[in-house]
Amino acid sequence: MTYDDDNIFAKILREEIPSSRVYEDDDTLVFMDIMPRADGHCLVIPKTPCRNILDASEAQLAAVMRTAQKVARAVMVAFDATGVTVQQFNEADGGQEVFHLHFHILPRHADVSLRPPGKMGDMAAIQAHGDQIRGALGR
Ligand code: 5GP
């Protein structure tokens, strides 16, 4: 399996398609998921290419996990969450749809199920939720 430079997240990294960015450092980028399964659903990706954890380097994994922890803590504050789900899929049969390594960060609340996948979110709401995460990261 080889990395395809034309995957959607590579295009987001190159700013060829828009995204709602909430955080970046030298090695990672975080942006809002366009089909959020929970308010505040965002994605953490490495800035360098790899498909998933099967071909990622230790350095890519370490950088992404560092950022995932930072953002998981921020969404707890931003959404007054009582839990956070971190999801990651590998290859099509593992549930992966976009083949650039990413971790889903999903703020959770008691008795609130994740919404079904594949439904476009309201862009204004997604933007507002991104602002909330940025705010919590800035504290
Ligand atoms: P996975 O590959 O882990 O199954 O999921 C890919 C995720 O990327 C999905 O949650 C989907 O909603 C999200 N996604 C797909 N296309 C886009 C896009 O163009 N922009 C953004 N921000 N998210 C996307």
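In the block above lies the structure referred to throughout.
For the structure given in this document, a descriptive report is provided here.

Taking 1.5 Å per residue, 16 residues should reach 22 Å; helix H3 (residues 123-138) reaches 22 Å between its end C-alpha atoms and fits that length. Regarding H3, the residues found buried are Ile-126, His-129, Gly-130, Ile-133 and Ala-136. End-on, the buried residues of H3 take up no more than an arc of 120°, which puts them together on one face. Exposed and oriented more than 90 degrees from the buried face of H3 are Ala-124 and Gly-138.

Here we take up the site of the ligand. Around the ligand, the surrounding shell holds 16 residues, and the nearest of these are Met-32, Asp-33, Glu-97, His-102 and His-104. One of the side-chain nitrogen or oxygen atoms of His-104 is found 2.7 Å away from an oxygen atom of the ligand. The protein chains hide 87% of the 520 Å² of surface that the ligand would expose on its own. The cavity where the ligand resides is the largest pocket. Residue assignment for the shell around the ligand shows that the elements contributing at least two residues are helix H1 (8-13) and strand E2 (28-32). Considering each element in turn, the shell around the ligand owes the most residues, three residues, to H1. Among the residues forming the shell around the ligand, the class breakdown is ten nonpolar, four polar and two charged.

A word on the packing of aromatic side chains. For the structure on display, the rule yields one aromatic pair. A centroid spacing of 5.2 Å and a plane angle of 75° characterise the contact between Phe-9 and Phe-31, whose relative ring orientation is edge-to-face. Of this pair, Phe-9 sits in helix H1 while Phe-31 is found in strand E2, placing the two residues 22 residues apart along the sequence. Pair check on accessibility: Phe-9 and Phe-31 agree, each one buried.

Helix length check: helix H2 (residues 58-78), at 21 residues, gives a terminal C-alpha distance of 30 Å against a target of 30 Å (1.5 Å per residue), a fit within 8%. Looking at H2, one finds that the buried residues are Gln-60, Ala-63, Val-64, Thr-67, Ala-68, Val-71, Ala-72, Ala-74, Val-75 and Ala-78. Tucked inside the fold, the buried residues of H2 contact strand E1 (21-24), E2, strand E3 (42-46), strand E4 (83-87), strand E5 (103-108) and H3. Looking at the residues trailing H2, positive phi occurs at Asp-80, about 50°.

What counts, and at which threshold
Here, residues in each chain are numbered from 1, in the same order as that chain's written sequence. Note on the predicted model: pLDDT of at least 70 is required for a residue's local features to be given, and 80 or more for side-chain atom pairs to be given and counted; whole-chain, interface and lining totals, by contrast, use all residues. The side-chain values count all of the structure's non-hydrogen atoms but skip hydrogen atoms and water molecules. The numbering of helices and of strands both runs from the N terminus, where a helix is a DSSP run of H or I of at least 4 residues and a strand a run of E of at least 2. Multiplying 1.5 Å by the helix residue count minus one yields the expected span of that helix. Classification of residues uses two cut-offs on accessible area relative to the type maximum, computed with a 1.4 Å probe and protein chains only: under 20% is buried, over 50% is exposed, and between them is partly exposed. Comment: arc refers to directions from the helix axis out to C-beta atoms. Here a residue is considered near a molecule or strand provided that any single heavy atom belonging to it is located within 4 Å of it. As used in this structure description, the phrase polar contact means that two N or O atoms lie within 3.5 Å; if the pair is within protein, one of them must be able to donate a hydrogen and the other to accept it, and residues adjacent in sequence are counted only when both atoms belong to side chains. Where accessible areas are quoted, they stem from the Shrake-Rupley method and a 1.4 Å probe; at the residue level, only the protein chains shown are allowed to cover. A 1.4 Å probe that fits but cannot get out identifies a cavity on a 1 Å grid over protein atoms alone, an open set with protein on both sides within 12 Å along at least five of seven lines counts as a pocket, and a residue lines either if it has an atom within 4 Å of a point. The rule for placing a molecule in a cavity or pocket is simple: more than half of its atoms must lie within 2 Å of the grid points. Three residue categories are used. Nonpolar comprises Ala, Val, Leu, Ile, Met, Phe, Trp, Tyr, Cys and Pro, charged comprises Asp, Glu, Lys and Arg, and polar comprises the others, including Gly. What counts as a ring pair is set by centres within 6.5 Å for rings of Phe, Tyr and Trp (its six-membered ring), and what kind of pair is set by the plane angle: stacked under 30 degrees, edge-to-face over 60, tilted for all other angles. The contact definition used throughout considers only heavy atoms, calling two residues in contact when any of these lie within 4.5 Å.

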